[in-house]
Amino acid sequence: MQRRDFIRRGTLTGLLAGAVGPAARPLAALSSGPAPRRLANGDIRLSSNENPLGISEAARQAVIEAITVANRYPRDQQDALVGQLAAAYGVAPAQIVMGVGSSEVLQMAIQAFAGPRTRLVLADPTYEDAITYQRTHPYEMLKVPLDSDHAHDLGRMREAVGSDGRPAVVYICNPNNPTGGITPSSAVDDWIREARENVFFIVDEAYIEYVDDPAYHTALPWVADRPNVLVVKTFSKVYGMAGLRLGYGIAHPATAARLADFVAKNNTNQLALAAAGACFGDEALIRKSVQVNQDAKAATQGVLDELGLEYLPTQTNFIMHRISGDLGQYRNRMAEAGLLVGRPFPPMLEWNRVSFGLPEDMDRFAETLREFRQKGWV
Ligand SMILES: Cc1ncc(COP(=O)(O)O)c(C=O)c1O
């Protein structure tokens, strides 16, 4: 695989071979150990876009070993991971900012670029973090409805940024959460290429590893010479580390330094760093996560087709499908059946977002949906 392909797909085959990261290991090793199958009360959570496989065996071992350095501040271990990431992406360590999940990186960016005249432009609906974190800052927030393909309406977003020279932060979640589809990367590139310097782009690539649409590629190449681009990534999704809390941003060194002013000292922790170092670039892990996700997607689309429930094309580990009736009632009924799904994503209140779990989880979801149909609930 060429480096270009790695950049486009966000996978690491070849690039890492012999350079950094673990060698591919047998698939069987990935599933050993107790993955957290259910919540304490037996419910199945299909509401948070988590990886149902749990962390890899290598990450599990690394966490156990890292307990021995739990008394030490994590600076050395963070530097080591940053070095590993920088080598894999072909950037300098000074271009990487680590966060307690990618959420913290989004928070830093929203804080760092806030100003009394700054607009915040984002899609509607999109992932809510930027909206949450702007609340304590004087942004003028402009939400732009998704276009008819449920992609970011970049034309209208450009209009919202305006041509009066005011600074702007543009949040582009690609693929988008909650809708799951991509916004064609070439269109994002066109805008970045033409944008003025005080239009700051946050491109959130949380789900990049799941994407197989050829119209998609990472925005990473821009960070080399565009200080107004930040690419945000996470260990929470394909690497299954949502509970360990680790994400990162990649930007121009000047931008990374600007963000770093907003990081809490020693924000990362030994266990997450150790797990990440052990699984980053693990092709077998990525392949298995993606495959299980594909299977769950096919099964879920199967039952939605069978019941004639409209759904959006997805490039992620979740899918949005229509419900008939009230979303709150639908979610409550699912919860009574032991399945936690969705949350409201206004204005799309006639749609439910369900995350993909293991095949048996999706079988249960399918059975429940069929029962709902028999009762006339969907
Ligand atoms: C698009 C997107 N960005 C960022 C996050 C935050 O993830 P984390 O803080 O676990 O990295 C999520 C979580 O679901 C997400 O969907």
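Look above for the structure.
The sections below set out a description of the structure shown in this document.

What counts, and where the lines are drawn
- Residues numbered from 1 in each chain as written.
- Predicted model: local features only at pLDDT ≥ 70, side-chain atom pairs only at ≥ 80, totals over all residues.
- Helix = DSSP H or I, 4+ residues; strand = E, 2+ residues; numbered from the N terminus.
- Buried ≥ 20, exposed ≤ 12 C-beta atoms within 10 Å, placed from the backbone.
- Contact = placed C-beta atoms within 7 Å.
- Near = placed C-beta within 6 Å.
- Nonpolar A, V, L, I, M, F, W, Y, C, P; charged D, E, K, R; others polar.
- Pairing = 2+ DSSP bridges.
- Right-handed = clockwise from strand over helix to strand, strands pointing away.
- Expected span 1.5 Å × (residues − 1).
- Arc of directions from axis to C-beta.
- Axes fitted to C-alpha atoms, helices over the stretch in contact; angles between N-to-C directions.
- Core = buried A, V, L, I, M, F, W, Y, C linked by C-beta atoms within 7 Å.
- Parallel < 35°, antiparallel > 145°, perpendicular 65-115°, else oblique.

### Some remarks on the overall build of the protein chain
- When its secondary structure is counted, the protein chain shows 13 helices and eleven strands.
- Split into buried and exposed, the 378 residues of the protein chain put 47% on the buried side.
- The contacts in the protein chain between residues at least 6 apart in sequence include a share of 76% that link residues at least 24 apart.

### Let's talk about the site of the ligand
- Surveying the vicinity of the ligand reveals 14 residues, the closest of which are Gly101, Ser102, Ser103, Thr234 and Ser236.
- When residues in the shell around the ligand are grouped by element, the largest group, three residues, is from helix 5 (residues 101–112).
- Residue composition of the shell around the ligand, by class: four nonpolar, eight polar and two charged.

### Let's talk about the pairing of strand 11 (residues 351–355)
- The buried fraction of strand 11 is high, at five of five residues.
- Across the two faces of strand 11 the burial is the same, with Trp351, Arg353 and Ser355 and Asn352 and Val354 all buried.

### Side note on the pairing of strand 3 (residues 119–124)
- Relative to strand 4 (residues 140–145), strand 3 runs parallel, the two being bridged by six bridges. Its bridge partner lying in strand 4, Ala123 is registered against Val144.
- In this fold, strand 3 hands off to helix 6 (residues 129–134), which returns the chain to strand 4; that crossover is right-handed.
- Where strand 3 lies against strand 5 (residues 168–173), four bridges are found, and the strand directions are parallel. What sits directly across from Val121, in strand 5, is Val170.

### Here we look at helix 4 (residues 75–89)
- Along its 15 residues, helix 4 runs 21 Å from first to last C-alpha, staying within 8% of the 21 Å computed at 1.5 Å per residue.
- Among the residues making up helix 4, those that are buried are Gln77, Gln78, Leu81, Val82, Gln84, Leu85 and Tyr89. The buried residues of helix 4 occupy an angular sector of 155 degrees when projected down its axis, which confines them to one face. The exposed set on the far side of helix 4, more than 90 degrees from its buried face, consists of Arg75 and Asp76.
- Buried positions along helix 4 lie against strand 2 (96–99), strand 8 (247–251) and helix 10 (270–279).
- Just downstream of helix 4 lies Gly90, where phi reads positive at about 70 degrees.

### Describing the sheet that holds strand 4
- Sheet architecture is open: seven strands sit in the order 2-8-7-6-5-3-4, paired in mixed fashion. The open sheet has two edge strands, strand 2 and strand 4, and neither has a second partner. When strand polarity is set aside, the average angle formed by the axes of neighbouring strands in this sheet is 20 degrees.
- Two elements, strand 2 and strand 8, share four bridges in a ladder whose sense is antiparallel. Bridging across to strand 8, Met98 finds its partner in Tyr248.
- Where helix 4 meets the sheet, its contacts fall on strand 2 and strand 8, and the angle it forms with strand 2 comes to roughly 130 degrees.

### A look at the nonpolar core
- By size, the foremost hydrophobic cluster in this structure holds 79 residues, and its most contacted members are Val170, Ile202, Ala275 and Ala276.
- Considering every element that reaches this core, the biggest residue donor is helix 10, with eight residues.
- The contacts of Ala276, once residues within four sequence positions are left out, are Leu81, Phe235, Met241 and Leu246.
- Core analysis: the next-biggest nonpolar cluster, separate from the first, contains 19 residues, Ala296, Met334, Val341 and Met362 among them.

### Observations concerning unusual backbone geometry
- Pro175 follows Asn174 through a cis peptide bond whose omega is 0 degrees.
- Along the chain, Pro175 turns up in the loop between strand 5 and helix 8 (185–194).
- Cis rather than trans, the peptide bond between Pro346 and Pro347 has omega equal to 10 degrees.
- With respect to the secondary-structure elements, Pro347 resides in the loop between strand 10 (339–341) and strand 11.
- Even without being a glycine, Arg245 presents a positive backbone phi close to 65 degrees.

### A look at the packing of helix 11 (residues 283–306) against helix 13 (residues 359–374)
- Where helix 11 meets helix 13, the axes come as close as 9 Å, and the angle between the chain directions of the two elements is 10 degrees. Considering their axes alone, helix 11 and helix 13 lie roughly parallel with respect to each other. Every residue of helix 13 that contacts helix 11 at Asp295, Ala296, Ala299, Thr300 and Val303 is listed here: Pro359, Met362, Phe365, Ala366 and Leu369.
- Among the residues making up the contact of helix 11 with helix 13, the classes are represented as eight nonpolar, one polar and one charged.

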